[in-house]
Structure formats: C-alpha cells, structure tokens
Amino acid sequence: MAIPDREVSVIETTGSRSLRNSWFRLVILLMPVSLALIIYPDAITQDGPAHLASGKIANEIIAGKPVVNSVYHLQLKPLPNWAGQATAMLALRLLPNQSANCLLNLLGLWLPALGLNWLIQNIRQKTSYDTWARPLWISLSAMNVVWIFGFTSFLIGLSFGWIMLGLVWRAFESKSKSLFVLLTSGWCLLFLSHLVAYILAGIIFGVLLASHFLIHDTKTGLKLAATTIPSLGLLGNYRRMTGETNLELIWEHLDWSNLASLGTWAKQIGWIDPLSLASKRWLPFLEKETAWAIFFQPILWTGIAASLILCRLLREVIRGHTTTHFPSLMALAAISLIGILGPDTLGKEQGHYLPQRVCLMAMGLFCLTWPSRLSPLITQTLILSWFMQVFHCIYFIPQSARMAGEVRLISREIRTRSKVIAFFDAKPWPFRANPQLHRDSLVVFAADDIASNNLYEAGHSYFPLQFKRQPEGLEPYRLERVSLMRSNADLSMRREEIILTLKSAMTYNDVVVILGDPESDFCKLVNDIIKELNVDSSKLQVIRQ
C-alpha cells in the first residue's frame, strides 16, 4: 500500500527537524566544558604539552633555528601521528601558545562528537529520533578518558574514521565515481592520522562489507574494497618507515590464567573503561577514597542506560519489530570483543592504552544499533551521567591549568637557545590522566630555540619529530621512569639514575629544571646530588620550582 504524498511530506519534515535538533542539542551539551576550556586556556591534558612542544620545535626546524636543528630532525615520511603534529604546527603558527593549547583541547572534544553525529545521520537519516538520548550519549563519549590523556592524533583519526564510514555508506547508495576517488584518498589520510584509528575503521568497514555490501551489491562492494588498496600499501610499509619497530600483541592487565574469576573481569572492565575521568574510588566532594564513590561515577549510570537500551532492543528483536541495522550490530560485536579481550599495546615500542581507544569506538558504534523507541528512564539516566561527567571535567580543568601556570612561571628563567633536561616527581592524583607526566614540555615554550631531552615523542619512531641521537643517560624513557618511581625504596635506584643523567647533562645540556614540591624527598635528593657533583651553575643552569 502506497503512502500518500501528504504523509511522506510530514515524515520528511519531521525527520529534517529531528536532524537539526540533534545538532543543536549536541552543541548545547558540549558547551559547559568548552566554556571552561576557554576560561582556562592554560588547562593541559596529559600528552597535550608534548604535542605542542613537538609542533613548536618542528616549526623552528623549518625556520632553520640552530639548537633544535642540532638535536632533532623532522621525518617527512607518510607516518601515522601526522594529524596531531600538523595540527599543532599550524595552530602555533596562527595563534599564541595558550590559544593554540585551548584549540587542541577543543578539537579533541568536538571533532569525534561531530563526526559520529554526522555518521548517524547518514546511516539512519530516514528514522526520526526527536529525543535527547542520542546527543547525550554522543556528548558523554566526547568527554572521555582518551581526551584528557591528550591523544590528539587518535582523536582526529577517530573523527575522520566516523566520516569515512559515512562516506562509505553514501558511496554504496549513490555509486558516485567522485565518492570512490574521495574514499581512496580518505583511507590514506586516515592512516596518516593515526594507526589505531585506521585499523579500527578498517575492521568496521570489513564487517560492513562482508555483512551488507557484498551480499546486496557485490560489484559496488568490490569497488569499495578497492578504495583501501593504496592505504594498505602504506600499512605494509609501516615497519620499514619506523626503523623495523616490532609489532607484537602484549597483554599487561588481563589475567588469562584466571578467567573464571569475577575479580579478574572486574579489574579488566575497570581498566578498559573509556569514560571515567577520575579514579572509581575517589569522592570529589570530600576528596577521599571510598567504595561508595562508584555511585558518583558516570560509567555506572551510562552502563545502566546501556543495559536498558539492550533490553528494549532484545524485546523488539523477539517481537520482530526491530529496525536495528544488522551490519552495525555485527561491527559493534567485533569491536567490543577486541576491546574486552584484546591486547594493551601492539608492542613495547608502540603506544599504550589500546583497549580504551577500542572501547571508545565501540561506544560510538553502540548508538547506531538502538531500537526505534527509548523509554524516558533511559534519557533521565543519561542526563544524570552527563551532569557527573561535566562536573569531573570542570573539576579537572582549573587544576591542570594551575599546574601549567606554575611551570610557565619558573620556565621564564631559561635562556634562549638552551638544551634542557627536567626532573619531576609525578605524584599520584585522583584523575586517571596525569598532566604532571609531561609538564616538562612546557619549558620548551619559555624562550626561542629550546631543545628538551624529555620530549617522549622524539624517542618513538612512529612520530614525525625525532632525536638525531640520544646520549647515554638522557633517553626520554629513562627520565620518565625516574619521575614515576613512587616508594621510598626507589630513592636509591633514583639516585643512581639521576647521577648518570646529570653527568651526561654536564656535557650535553645548558639547563636543569627541577619540578615539584621543594620539601619532597625527591626534590631534596636531586638538590643533594647537584651539590655532591659540584655542578658549575655557570655551565649548567639549575632552575627550581
């Protein structure tokens, strides 16, 4: 039976209004945290300062500055992580340092959310969803732990991945030659953005191809598959471009010998959680640890909402009324299994926090599989979760800005054209991401043409910026290891490492920066060793916080 033209017009008008409302609601939901970032432009994520420092140094290499040119080189190869590098370089060319920092923080928050919303509207554009539930879910996934880790290249790659999947869907429906050309270039650009985002988007694309495109239209499916061939050439060449780095699957947390234990799975789920910004035992109001803190964690209420959605979905499947997109459901199952059971890293020389990235992508896929109707209770539960997540973000932002401001103040004493090393005590704090870890990168902004041995990016071959050579005792991983040692028993080990580092620094460096509480055992230890070695302050400037 044909639907009357008038009813078709009403459906189209309602759908268009629903899509417009979705964009408007998403903007409203992301605005509180965005305003906090604008008010505190100094706020730093964990790795954000290192990305910006790398961008500043790369710009100075291009400008021919002598000190950075003697320490680093810029790899002009088709490497993953170019998205963060190029974005930081461009931002620092166009904006002051603080504004560039604020922009990168905002991009990490907004781009994945906008990309996911665009994908949803492409795949489910014929379904009216005039509800706050989906924008709430997307905004929650935007304010995630990966974002406050500051994984800029991955977040840009994630948003690009959502856009690529939307273009795949459009190409399948329209069969436009220009879209196929765009997809071919797009897969290459996605590889250059981030390796993990490329692999995850490729897995989802493979599932969609196998479960839908090849079944319904084999010819178009094969054309879509062919668009990945140039980027697969880049992937195959990855190890050679990165100096034959090892790729291996490493599990650091999942206890495979005790899979029958509920405790094992509780730890694993807590570890792979992509949403929680703070420790699950930390109460922000009282600033203490307690088991009751879980009731103030957004992951609990988001999980309850997800369970209610799954129950409603199952009920629709049983009744035969479901409008769920089967390929999306299959892709969700595949990515979720990889997140839950997959490795923590692709190798000792590769990046970490892999499960959180995978689970974040699974969280985005989940809202493509929702049933046609949601109960008000689901929306109300997501609203509660959203308020808690916003609170944690707004609690985090000014504290990290204060931390950055303290480092910027002391780093003004650094002389232009200096080679710097930094010692710092990365004491624990309640958030899962720790901006203390790379605050040493902020000293790079103190003056013109500054080189830092602490810059971890330059010690990893999959980043474009690289050290020309690393003198013994000044390797970034060693400097970070010293700062992460926690117990008093580690002080003797720290002592040996610090002595080796300072002896190398007296030959290769101009400045030593000591970050941390002057009364802490760590800072006292560093000061004692400096006195013991009779460091000549005229040759090696010592700056203390």
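For the structure itself, consult the block above.
Bear in mind the structure is a predicted one, so any value in this text is a computation, not a measurement. Each chain has its residues counted from 1, following the order in which its sequence is written. Local features in this predicted model are restricted to residues whose pLDDT is 70 or higher, and side-chain atom pairs enter the listing and the counts only when it is 80 or higher, whereas totals over whole chains, interfaces and linings include all residues. Computation of side-chain values: all heavy atoms of the structure, hydrogens and water removed.

Paired rings are identified among Phe, Tyr and Trp, the last through its six-membered ring, by centres lying within 6.5 Å, and are further divided according to the angle between planes into stacked (under 30 degrees), edge-to-face (over 60) and tilted (the rest). Across all of its chains, the model carries 25 aromatic pairs by this definition. Relative to Phe431, the ring of Phe396 has its centre 5.2 Å away and its plane inclined at 70°; by these criteria the two rings are edge-to-face. Here the residue Phe396 occupies a position in helix α18 (residues 376-411), and Phe431 occupies one in the loop between β4 (419-424) and β5 (451-452), the gap between them amounting to 35 residues. These aromatic residues form a ring-pair network of at least three members: Trp282, Phe391, Tyr395, Phe396, Trp429 and Phe431. In this analysis the charged atom, NZ for Lys or CZ for Arg, is taken to sit over a ring once it is within 6 Å of the ring centre and within 35 degrees of the ring normal. A cation over a ring is seen here: Lys175 above Phe172, with NZ or CZ 5.4 Å from the ring centre. The ring of Phe154 carries the charged tip of Arg357 above its face, separated from the ring centre by 5.4 Å. Where helices and strands are cited, they refer to DSSP runs of H or I of at least four residues and of E of at least two residues respectively, numbered from the N terminus.

Once that is clear, we can look at the environment of Asp42. Relative to the elements of secondary structure, Asp42 occurs in the loop between α1 (5-39) and α2 (48-62). Sequence separation between Asp42 and Cys523 is 481 residues; the distance between their C-alpha atoms is 25 Å. In what follows, a contact means two residues having at least one pair of non-hydrogen atoms within 4.5 Å. Setting aside chain neighbours within four positions, we find Asp42 in contact with Gln98, Asn101, Ser400, Ala401, Ala404, Gly405 and Arg408. At 2.9 Å, the side chain of Asp42 forms a polar contact with the side chain of Arg408. The term polar contact refers here to a pair of N or O atoms within 3.5 Å; inside protein, the definition further demands a hydrogen-donor-capable atom paired with an acceptor-capable atom, and it admits residues adjacent in sequence only when both atoms are side-chain atoms.

Time to look at the packing of helix α16 (residues 326-341) against helix α17 (residues 354-366). Fitted lines through C-alpha atoms give the axes, limited to the stretch in contact for helices. The angle between two N-to-C directions lies from 0 to 180 degrees. Interhelical geometry of α16 versus α17 gives an angle of 160° and a closest axis separation of 8 Å. As summarised for this structure, α16 and α17 are arranged roughly antiparallel, according to the angle between their axes. You can see that α16 and α17 cross each other, and the crossing is left-handed. On α17, the residues that touch Ala331, Leu332, Ile335, Ser336, Ile338 and Gly339 of α16 are Pro355, Val358, Cys359, Met361, Ala362, Leu365 and Phe366. Orientation labels follow simple angle bins: below 35 degrees gives roughly parallel, above 145 gives roughly antiparallel, 65 to 115 gives roughly perpendicular, and whatever is left gives oblique. A clockwise turn of the near helix away from the far one marks a right-handed crossing, whereas an anticlockwise turn of less than a right angle marks a left-handed crossing.

What follows deals with helix α20 (residues 491-508). Its 18 residues give α20 an end-to-end C-alpha distance of 25 Å, which sits within 8% of 26 Å, the value for a rise of 1.5 Å per residue. Buried residues of α20: Arg494, Glu497, Ile498, Ile499, Thr501, Leu502, Ser504 and Ala505, and no others. Residues of α20 that are buried sit in contact with β4, α19 (476-484), β7 (511-515) and α21 (521-532). Given a helix with a known number of residues, its expected span is that number minus one, times 1.5 Å. Burial here depends on accessible area, computed with a 1.4 Å probe over protein chains only, as a share of the maximum for the residue type. Under 20% is buried, over 50% is exposed, and the range in between is partly exposed.

All right, on to the pairing of β4 then. Across the six residues that make up β4, a large majority, five, are buried. Paired strands are those between which DSSP finds at least two bridges. As paired strands, β4 and β5 are joined by two bridges and run parallel to one another. The residue of β5 that forms the bridge with Lys419 is Ala451. Pairing between β4 and β7: five bridges, direction parallel. By the bridge assignment, Ile421 is partnered in β7 with Val512.

This paragraph deals with a nonpolar patch on the surface. A contiguous nonpolar surface patch, about 530 Å² in accessible area, is contributed by Val27, Met31, Leu35, Ile38, Ile39 and Tyr40. Secondary-structure assignment places Val27 in helix α1. To count toward a patch, a residue needs a relative accessible area above 30% and no salt bridge. Like charges then connect within 9 Å, nonpolar side chains (Val, Leu, Ile, Met, Phe, Trp, Tyr) within 5 Å. Here the Shrake-Rupley method, with its probe set to 1.4 Å, supplies the accessible areas, and only the displayed protein chains count as covering residues. The salt bridge definition used is simple: a Lys or Arg side-chain nitrogen within 4 Å of an Asp or Glu carboxyl oxygen.

The next subject is the pairing of strand β8 (residues 541-544). Burial along β8 is one-sided: the residues Gln541 and Ile543 are buried and none of Val542 and Arg544 is. In terms of strand pairing, β7 meets β8 through four bridges, oriented parallel. Paired with Val512 across the bridge in β8 is Val542. Here, the term right-handed applies to a crossover whose path from the first strand over the helix to the second runs clockwise when the strands point away from the viewer. The handedness of the β7 to β8 crossover, carried by α21, is right-handed.

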